Amino acid sequence: MATRTRSRLSTALLAPALALGATVGLASAPAQAAVWNSCDQWGNTTLNGYTLYNNIWGSGTGSQCIWANSGTNWGVWANHPNTGGIKSYPNAKKVVNKPITSLASLTSAYNVTVPSSGAYNTSYDIWDTGYKYEVMLWVNKTGAVGPLGSSQGSVTLGGSTWSVYKGNNGSNDVFSFIRSSNSSSDTVDILPILKWIKDTKGWFGNVTIGDVQFGYEITSSSGGLDFTTNSLTVSSS
């Protein structure tokens, strides 16, 4: 079972951008010309309110390139070796910056095309503004991957049934919700999940939700695999 060994804070982008020397960057983009692409380790840009990150943060990595037609239509080509440990979390981020009790709604819809091989999960990564708490929502997973922490049973919230895990990676608490069946498209009602953690379990208080990220936590993708976000919306009020 693969587990996370460190967090993927946005502050990692302060590190120097390191070109990976990949020669497949443009070839990995879709047939239509992408608005933006990057093979840099910390490559990032902002498009129509979403910030995109290539975010190759693990050790023993291979090559990875990200492309985007918009903040809500983007993808990644990754060729990471078939070894343990998370290599990257390419993602799109929407900033919310509201306390839980000030949120009337927080929802997201996704539609993805993901490979049938490799080892990865497609997940939301939701942070408070102090980066003390991390809520992960795994909507699909393939290969030898698993959440951090110990099992807390299962719960039906936000339109799906989830297996819940609670742990700490040495930097922050991590609450992982693993969808009971893989999904390539759905709408997730995120706010009830956050309220369940706060009110039912008491694992955190009225924290301010900062980043809502959505992407692919890749452990291995040997030979080169494509991950495509056909559409994504994150909405709050």
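Residues numbered from 1 in each chain as written. Predicted model: local features only at pLDDT ≥ 70, side-chain atom pairs only at ≥ 80, totals over all residues. Heavy atoms only, no water.

Student: Looking at this structure, how should I read the overall build of the protein chain?
Tutor: Within the protein chain, the regular secondary structure consists of two helices and 15 strands. Looking at the protein chain as a whole, 53% of its 237 residues qualify as buried. Here the contacts in the protein chain between residues at least 6 apart in sequence split such that 69% fall between residues at least 24 apart. Of the accessible surface of the protein chain, which amounts to about 9200 Å², a share of 47% is contributed by carbon and sulfur atoms. (Helix = DSSP H or I, 4+ residues; strand = E, 2+ residues; numbered from the N terminus. Buried < 20%, exposed > 50% of the residue type's maximum accessible area, 1.4 Å probe, protein only. Contact = heavy atoms within 4.5 Å. Areas by Shrake-Rupley, 256 points an atom, 1.4 Å probe, with all protein chains shown as cover.)

Student: What am I meant to see in unusual backbone geometry here?
Tutor: It is generally the case that most residues other than glycine have a negative phi and that most peptide bonds are trans. Of note, the phi angle at Asn55 is positive, near 55 degrees, even though the residue is not glycine. The class of Asn55 is buried, set by a relative accessible area of 6%.

Student: Looking at this structure, I do not really get the packing of aromatic side chains. What am I missing?
Tutor: According to the stated counting rule, one finds 15 aromatic pairs in the structure shown. Consider the rings of Tyr110 and Phe214, whose centres lie 5.7 Å apart with planes at 25 degrees: the pair is stacked. Note that Tyr110 is positioned in strand E7 (residues 106–113) and Phe214 in strand E14 (residues 208–220), a separation of 104 residues in sequence. Clustering of aromatic rings is evident, with ring pairs tying together Trp74, Tyr110, Tyr120, Tyr124, Phe214, Tyr216 and Phe227. (Phe/Tyr/Trp six-rings, centres within 6.5 Å; stacked < 30°, edge-to-face > 60°.)

Student: How should I be thinking about the state of the cysteines in this particular structure?
Tutor: Linking two cysteines covalently through their sulfur atoms gives a disulfide. Under the definition given, this model contains one disulfide. Note on cysteine connectivity: Cys39 is disulfide-linked to Cys65, with sulfurs 2.0 Å apart. Residues Cys39 and Cys65 are joined through a disulfide that is right-handed, its torsion about the S-S bond being 105 degrees. One end of the pair, Cys39, is in the loop between strand E1 (36–38) and strand E2 (44–47); the other, Cys65, is in strand E4 (residues 63–70), and 26 residues separate them in sequence. Judged on exposure class, the residue Cys39 and its partner Cys65 are both buried. (Disulfide = S-S within 2.5 Å.)

Student: I keep staring at the nonpolar core and nothing clicks. Help me out?
Tutor: Within soluble globular proteins, side chains that are nonpolar generally end up buried alongside one another. Among the nonpolar cores identified, the biggest contains 48 residues, and Tyr124, Leu137 and Phe177 are the most heavily contacted of them. For this core, the element with the highest residue contribution is helix H2 (residues 190–201), accounting for six residues. With residues near it in sequence (within four places) discarded, Phe177 still touches Val135, Met136, Leu137, Trp138, Val155, Trp162, Ser163, Val164, Ile193, Trp196 and Ile197. Residues Ala119, Met136, Val145 and Leu148 belong to the second largest nonpolar core, which totals seven residues. (Core = buried A, V, L, I, M, F, W, Y, C linked by side-chain atoms within 4.5 Å.)

Student: Explain the sheet that holds E7 here, please?
Tutor: Sheets are built from strands paired through backbone hydrogen bonds, the pairs being either parallel or antiparallel. Overall, antiparallel pairing links the six strands, which are arranged E1-E4-E5-E15-E7-E13 in an open sheet. One side of each edge strand has no neighbouring strand; the edge strands of this open sheet are E1 and strand E13 (185–189). Each strand axis lies, on average, 20 degrees off the axis of its neighbour in the sheet, ignoring direction. Alignment of E7 against strand E15 (residues 225–236), held across eight bridges, turns out to be antiparallel. (Pairing = 2+ DSSP bridges. Axes fitted to C-alpha atoms, helices over the stretch in contact; angles between N-to-C directions.)

Student: So what exactly am I meant to see when it comes to the pairing of strand E12 (residues 173–179) here?
Tutor: A regular strand carries its side chains on alternate faces of the sheet. Across the seven residues of E12, six count as buried, placing the element largely inside the fold. In terms of strand pairing, strand E9 (residues 133–142) meets E12 through six bridges, oriented parallel. For Tyr133, the partnering residue across the bridge sits in E12 and is Asp173. Pairing geometry for strand E11 (residues 160–168) and E12, over seven bridges, is antiparallel. Its bridge partner being in E12, Trp162 is matched across the sheet by Arg179. Where E11 hands over to E12, the hairpin turn is made up of four residues, of which Gly170 adopts a positive phi near 95 degrees.

Student: Mind showing me how you'd approach the pattern of salt bridges here?
Tutor: For side chains of opposite charge, pairing can occur when their charged atoms come near one another. Under the definition given, this model contains three salt bridges. A salt bridge links Asp186 to Arg179; its shortest N-O distance comes to 3.1 Å. Arg179 sits in the buried class, given a relative accessible area of 18%. Here Lys198 makes a salt bridge to Asp199, at a shortest N to O gap of 2.7 Å. The exposure class assigned to Lys198 is buried, which follows from its relative accessible area of 19%. (Salt bridge = Lys/Arg side-chain N within 4 Å of Asp/Glu carboxyl O.)

Student: What am I meant to see in the sheet that holds E2 here?
Tutor: What the nine strands build is an open sheet, ordered E2-E3-E6-E14-E8-E9-E12-E11-E10; its pairing is mixed. Strands at the two margins of the open sheet, each flanked by one partner only, are E2 and strand E10 (150–157). Neighbour to neighbour, the strand axes of the sheet diverge by 25 degrees on average, direction disregarded. The sheet contact formed by strand E8 (residues 119–128) and E9 spans eight bridges and is antiparallel. Counted as the bridge partner of Asp125 is Met136 from E9.

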